[in-house]
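A look at the structure
Read off the chains here:
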Amino acid sequence: MAKKKIKYPKEFLEHVKSITNKRAKVVIDHILEHGFITTDDLQTKYGYTHAPRAAMDVKDAGIPLETFKVKSDISGRQIGAYRFGDITQIQTKRVAGRIAFSKKFKKELYELSNGKCMICNGEFEERYLQIDHRVPYEVGGDIDVARNIEDFMLLCGSCNRAKSWSCEHCDNWQKEKKPSLCMQCYWGSPTNYNHIALKEIRRLDLQWTGDEVKYYDAIRVIAEQNKIELPDFVKTVIVDKTKKR
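Below is a summary of the structure that appears in this document. All of these numbers come straight from a predicted model, not from anything done at the bench. (Residues numbered from 1 in each chain as written. Predicted model: local features only at pLDDT ≥ 70, side-chain atom pairs only at ≥ 80, totals over all residues. Heavy atoms only, no water.)

What follows covers the overall build of the chain. Tallying secondary structure elements over the chain gives 11 helices and 5 strands in all. Its C-alpha atoms put the chain at 70 × 50 × 35 Å along the principal axes. Looking at the chain as a whole, 39% of its 245 residues are labelled buried. With the model as given, the accessible surface of the chain reaches about 15800 Å², and the carbon-plus-sulfur share is 51%. Separation between the mean location of the 43 positive side-chain charges and that of the 34 negative ones in the chain comes to 3 Å. (Helix = DSSP H or I, 4+ residues; strand = E, 2+ residues; numbered from the N terminus. Buried < 20%, exposed > 50% of the residue type's maximum accessible area, 1.4 Å probe, protein only. Areas by Shrake-Rupley, 256 points an atom, 1.4 Å probe, with all protein chains shown as cover. Lys, Arg positive; Asp, Glu negative; His and termini not counted. Charge placed at Lys NZ, Arg CZ, Asp CG, Glu CD.)

Set out below in structure tokens:
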């Protein structure tokens, strides 16, 4: 799907040239050349398997992006693609994107969380956990120099991607941009929340490790025998127990 090259204003081009984030520059340069970039492009040409994160780096640098669908040249299916949004909304003060975290800061978070992801409660080596803003950067911006460790948490890559997807589809992210709503959300305060992306939802992430795995396997077998999806079966057991109390 070829597109005619767009002629961008000089001020816009000067701004994007000043961006140093490598992943953001890949996305920007590709869009400048081709008009848009697809999730296939990001994975096959540049090795980025998490397209939303690459797109977010561009947004973090103050460049508006919009998402749309195109037909994949590889699979023939509809896939996501990104192009510049309203460039008059560019935020020139965010050229550098997010401020980097020190190793000391991450180590403090790691010790505070006992080496666990705050969402799934899984235990990970420090290198496999990522520092996450409780209030998404898109909503609350970054904290300049003095950072309160309570404003951040560590997430595993899987949970961080799940949070990114959920937040990006939340009305507060897209319209309201109220940090207080983020802090009342599961993704901002997983141990004390009253909504998930503004929806009346509750969730419980469970993991079975070590000797506990045999109980998980047993539950899975019983659920299969009853032809019930495992999450639904677990909820049924909990509800039955609650009713009998």
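Evaluation of the coordinates by the stated rule reveals 12 salt bridges. Measuring nitrogen to oxygen at the nearest pair gives 2.5 Å for the salt bridge that ties D57 to R23. With D57 in helix α4 (residues 51–60) and R23 in helix α2 (residues 22–34), this pair connects stretches of sequence that are 34 residues apart. Across the salt bridge formed by K178 and E176, the nearest N and O atoms sit 3.8 Å from each other. The network of salt bridges with shared partners includes R23, R53 and D57. (Salt bridge = Lys/Arg side-chain N within 4 Å of Asp/Glu carboxyl O.)

Let's shift gears to the pairing of strand β3 (residues 78–84). Most of β3 is tucked away: 5 of the 7 residues are buried. In the sheet, strand β1 (residues 37–38) pairs with β3 via 2 bridges, with the strands oriented antiparallel. Residue pairing for β3: T38 is matched across the bridge by A81. Two successive antiparallel strands, strand β2 (residues 65–71) and β3, enclose a turn made up of 6 residues, where G76 displays a positive phi of approximately 80°. (Pairing = 2+ DSSP bridges.)

A separate point is α4. Since the α-helix packs 3.6 residues into each turn, any two residues three or four apart lie on the same face. In terms of burial, α4 is largely enclosed, as 8 of its 10 residues are buried. What α4 keeps buried is the set A51, A54, A55, M56, D57, V58, K59 and D60. Looking at the residues trailing α4, positive phi occurs at G62, about 95°.

A few words on the packing of helix α1 (residues 10–17) against α2. Across the interface, α1 lies against α2 with an axial gap of 11 Å and an inter-helix angle of 150°. When α1 is examined against α2, the residues F12, L13, V16 and K17 are found in contact with a partner set consisting of K25, I28 and L32. Each residue belonging to the contact of α1 with α2 can be placed in one class, and the counts come to 5 nonpolar, no polar and 2 charged. (Axes fitted to C-alpha atoms, helices over the stretch in contact; angles between N-to-C directions. Contact = heavy atoms within 4.5 Å. Nonpolar A, V, L, I, M, F, W, Y, C, P; charged D, E, K, R; others polar.)

Our focus in this paragraph is the packing of aromatic side chains. Under the definition given, this model contains 8 aromatic pairs. Ring geometry for Y8 against F12: centres 5.3 Å apart, planes inclined by 35°, an arrangement best described as tilted. Judged by its relative accessible area of 13%, Y8 falls in the buried class. Residue classification places F12 among the buried positions, given a relative accessible area of 4%. With a centroid separation of 5.4 Å and 90° between ring planes, the pair formed by F105 and F152 is classed as edge-to-face. Of this pair, F105 sits in helix α5 (residues 103–112) while F152 sits in strand β5 (residues 152–156), and the two are 47 residues apart along the sequence. Both residues of the pair, F105 and F152, belong to the buried class. Joined through ring pairs, the aromatic side chains of Y8, F12 and F84 make up one cluster. Positioned above the aromatic ring of Y48 is the side chain of R23, whose terminal nitrogen or guanidinium carbon lies 6.0 Å from the ring centre. (Phe/Tyr/Trp six-rings, centres within 6.5 Å; stacked < 30°, edge-to-face > 60°. Lys NZ or Arg CZ within 6 Å of the ring centre and 35° of its normal.)

Between α2 and α4, the least distance of the axes is 8 Å, while the angle of their chain directions is 90°. Accordingly, the angle class assigned to the pair α2 and α4 is roughly perpendicular. On the side of α2, the interface is formed by R23, A24, V27 and I28, while α4 contributes R53, A54, D57 and V58. For the contact of α2 with α4, the class distribution of residues is 5 nonpolar, no polar and 3 charged. (Parallel < 35°, antiparallel > 145°, perpendicular 65-115°, else oblique.)

A word on the sheet that holds β3. If you walk across this open sheet you meet the 3 strands as β1-β3-β2, and the pairing is antiparallel. At either end of the open sheet lies a strand with only one pairing partner, and these are β1 and β2.

Take helix α10 (residues 213–225) next. Taking 1.5 Å of rise per residue, the 13 residues of α10 would be expected to cover 18 Å, and the 19 Å separating its terminal C-alpha atoms lies within 8% of that figure. In the segment just after α10, K227 is the residue with positive phi, at about 55°. (Expected span 1.5 Å × (residues − 1).)

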